[in-house]
Amino acid sequence: MRRNIVAGNWKMNNDLPQTEALLQDLKKHVVPDNVSVMVAPTFVNLYHAFESVREYSVEVIAQDMHQAKSGAFTGEVSAAMLKSVGVKTTIIGHSERRAMFWETNEILALKVNAALENDMTSVFCFGEELEDRKSGNHFNIVKEQLEEGLFHVKNDDFKNIILAYEPVWAIGTGETASPEQAQEMHKYVRGLVTDAYTNEIAENVSILYGGSVKPANAKEIFANPDVDGGLIGGAALKAEDFMAIVNSF
Ligand code: 13P
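Only a predicted model underlies this, so the values are computations on that prediction, with no experimental measurement involved. Residues take numbers from 1 onward in each chain, read along the sequence in its written order. With pLDDT at 70 or above as the cut-off, local features in this predicted model cover only qualifying residues; side-chain atom pairs require 80 or more to be listed or tallied, and sums for whole chains, interfaces and linings still use all residues. Note: side-chain values were computed over all heavy atoms of the structure, leaving out hydrogens and water.

Caption draft 1: A look at the sheet that holds strand β6 (residues 161-165). Taken in spatial order, the eight strands of this open sheet run β3-β2-β1-β8-β7-β6-β5-β4, and their pairing is parallel. Each having just a single partner strand, β3 (58-60) and β4 (89-92) make up the two edges of the open sheet. Looking at each pair of strands side by side, their axes are set apart by 25° on average, direction ignored. The rule for pairing is simple: two strands pair if DSSP sees at least two bridges between them. Think of it this way: any DSSP run of H or I at least four residues long counts as a helix, any run of E at least two long counts as a strand, and we number them from the N terminus. As paired elements, strand β1 (residues 5-9) and strand β2 (residues 36-40) share five bridges and run parallel to each other. As a rule, the C-alpha atoms of each element are fitted with a line to give its axis, helices using only the stretch in contact, and angles between N-to-C directions run from 0 to 180 degrees.

Caption draft 2: Region of interest: the pattern of salt bridges. For this document, the term salt bridge refers to a Lys or Arg side-chain nitrogen within 4 Å of an Asp or Glu carboxyl oxygen. Scanning the model with the defined rule gives 13 salt bridges in all. Of the charged contacts, one joins K111 and D64 as a salt bridge, the two residues approaching to 2.9 Å between their closest N and O atoms. Taken together, the positions of K111 in helix α5 (residues 105-117) and D64 in the loop between β3 and α3 (79-84) put the pair 47 residues apart, joining distant regions of the chain. Using a 1.4 Å probe on the protein chains alone, a residue whose accessible area is under 20% of its type maximum counts as buried, one over 50% counts as exposed, and one in between counts as partly exposed. We classify K111 as buried; its relative accessible area is 2%. The class of D64 is buried, set by a relative accessible area of 5%.

Caption draft 3: Here's a closer look at the side chain of T121. Of note, T121 is situated in strand β5 (residues 121-126). If sequence neighbours within four positions are ignored, T121 has contacts with K88, T89, T90, N160, I161 and I162. Contacts are residue-level and defined by heavy atoms, with any inter-residue pair within 4.5 Å sufficient.

Here is the structure:
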């Protein structure tokens, strides 16, 4: 059975003291049994965060990683480096990486491979821009992102994949996809996984929704049968808000 997951993507927020303060605030809350909780601090604070939450049921994950094993890639971080500080999961293909750092579907496919080669789980992000939604092209765009970036993964490896639908027009804008829009896309995506893999694999993959999720709307979004949780940006930066979302199943 697939897992409920709430993951906080802290993006380029929180220096070391702020990271520790937020983790301390999170640790005041009890994580319910029916949800896996993840937080993604910036690279430089991953080791500290991993040590800080050792005794707490929150997984520390990365926001990205490079596809190469090692070498002359100034400023980049490899899967092996992440693993050496305790990280077993990374976000791949966030729309901000796609848009601002020119990450193509082809590059993302290599990143997914590098994660799998290192027994790491990928939170694979995809989602359409506003123009795609307006022109009715959103299903095609999502299909292309999945086919080119992800669907080369072998059946056996798909257990190490978490999907995250993040419509770009809903990220950091305060505008959320309606529960119906989220469910419609998630159902479509689960159908794509069924077609490319098997019904069993599709039923077992968690599909998260991301884009202006907050305590006030999390319940109605998570209530949909094909929405298995959320990838949270702004609201993950306050422990009270994040834990309210965690408790929205
Ligand atoms: P917001 O929740 O701030 O819209 O960000 C969503 C997101 O991009 C999570 O990865």
